[in-house]
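Architecture and fold: a report
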Amino acid sequence: MNDLLYDIWLYSIQGIGPIKFRRIKEHFGSVKNFYMNFDSDYLKTLNVNISMIDRDLKSAEKIIDYCYKNEIEIISFDSDFYPKEFLLYEDAPPIIFIK
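Here's a quick rundown of the structure. Bear in mind the structure is a predicted one, so any value in this text is a computation, not a measurement.

1. What to know about the pattern of salt bridges
Should the charged atoms of two oppositely charged side chains come close, the side chains can pair. The full count for this structure, using the stated rule, is two salt bridges. We note a salt bridge from Lys25 to Asp7, for which the minimum N-O separation is 3.2 Å. Placement of the pair is Lys25 in helix H2 (residues 18–28) and Asp7 in helix H1 (residues 3–11), with a sequence separation of 18 residues. Look at Asp7 and you get buried, because its relative accessible area is 2%. Asp78 serves as the salt-bridge partner of Lys25, at 2.9 Å between the closest nitrogen and oxygen. Of this pair, Lys25 sits in helix H2 while Asp78 sits in the loop between strand S1 (73–76) and strand S2 (95–98); the two residues are 53 residues apart in sequence, bridging distant segments of the chain.

2. Some points on helix H5 (residues 58–69)
The end-to-end C-alpha distance of H5, which contains 12 residues, comes to 16 Å, matching closely the 16 Å that a straight helix rising 1.5 Å per residue would cover. At the C-terminal side of H5, Glu71 shows a positive phi close to 55°.

3. A look at the packing of H1 against H2
The interhelical angle for the contact between H1 and H2, taken along N-to-C directions, is 135°, at an axis separation of 10 Å. Judged by the inter-axis angle, H1 sits oblique to H2. Note on packing geometry: the crossing formed by H1 with H2 is right-handed. Contacts between H1 and H2 involve Asp7, Leu10 and Tyr11 from the first element and Pro18, Phe21, Ile24 and Lys25 from the second. Split into classes, the residues belonging to the contact of H1 with H2 amount to five nonpolar, no polar and two charged.

4. As for the nonpolar core
A general tendency of soluble globular proteins is for nonpolar side chains to be buried together. Counting residues in each nonpolar core, the largest one holds 29 residues, and the members touching the most others are Trp9, Leu10, Ile16, Ile24 and Phe34. Listed by contribution, the elements that provide at least two residues to this core are H1, H2, helix H3 (31–36), helix H4 (40–45), H5, S1 and S2. No other element matches H1, which puts five residues into this core. Beyond its immediate sequence surroundings of up to four residues, Phe34 is in contact with Trp9, Leu10, Ile24, Phe28, Asp39 and Leu43.

5. With respect to the packing of aromatic side chains
The final tally for this structure, using the stated rule, is nine aromatic pairs. Between Trp9 and Phe34, the ring centres sit 6.1 Å apart and the planes meet at 35°, which makes this aromatic pair tilted. In this pair, Trp9 sits in helix H1 while Phe34 sits in helix H3, placing the two residues 25 residues apart along the sequence. Aromatic pair Trp9 and Tyr35: ring centres 4.9 Å apart, planes at 85°, arrangement edge-to-face. Taken as a pair, Trp9 in helix H1 and Tyr35 in helix H3 lie far apart in primary sequence, 26 residues in all. The burial state of Trp9 is the same as that of Tyr35; both residues are buried. The rings of Tyr6, Trp9, Phe28, Phe34, Tyr35, Phe38 and Tyr42 are connected pair by pair, giving a single aromatic cluster.

Calculation criteria
Residues numbered from 1 in each chain as written. Predicted model: local features only at pLDDT ≥ 70, side-chain atom pairs only at ≥ 80, totals over all residues. Heavy atoms only, no water. Salt bridge = Lys/Arg side-chain N within 4 Å of Asp/Glu carboxyl O. Helix = DSSP H or I, 4+ residues; strand = E, 2+ residues; numbered from the N terminus. Buried < 20%, exposed > 50% of the residue type's maximum accessible area, 1.4 Å probe, protein only. Expected span 1.5 Å × (residues − 1). Axes fitted to C-alpha atoms, helices over the stretch in contact; angles between N-to-C directions. Parallel < 35°, antiparallel > 145°, perpendicular 65-115°, else oblique. Left-handed = near helix turned anticlockwise from the far one by under 90°. Contact = heavy atoms within 4.5 Å. Nonpolar A, V, L, I, M, F, W, Y, C, P; charged D, E, K, R; others polar. Core = buried A, V, L, I, M, F, W, Y, C linked by side-chain atoms within 4.5 Å. Phe/Tyr/Trp six-rings, centres within 6.5 Å; stacked < 30°, edge-to-face > 60°.

Right under this line is the structure:
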């Protein structure tokens, strides 16, 4: 499994926007590290409703499969293909989908 799976999983959680996504990724080094070492106390400091978090990766897998089948590119903000201009904004989407 690649990191993109975990990035999509995290970004699809209600209450996790671009800013909280980046803070989690910076704090844990990667979203995969966060997933593997789930820290509900840290999420509470970000005011994330813990009950909204489903740790099942199936919905993220479905998104990836759908994109692959429909020739939609998924680009994470740490990809070389992510638009550099977007990186100037704190609330830029951590993942973009391009058809």
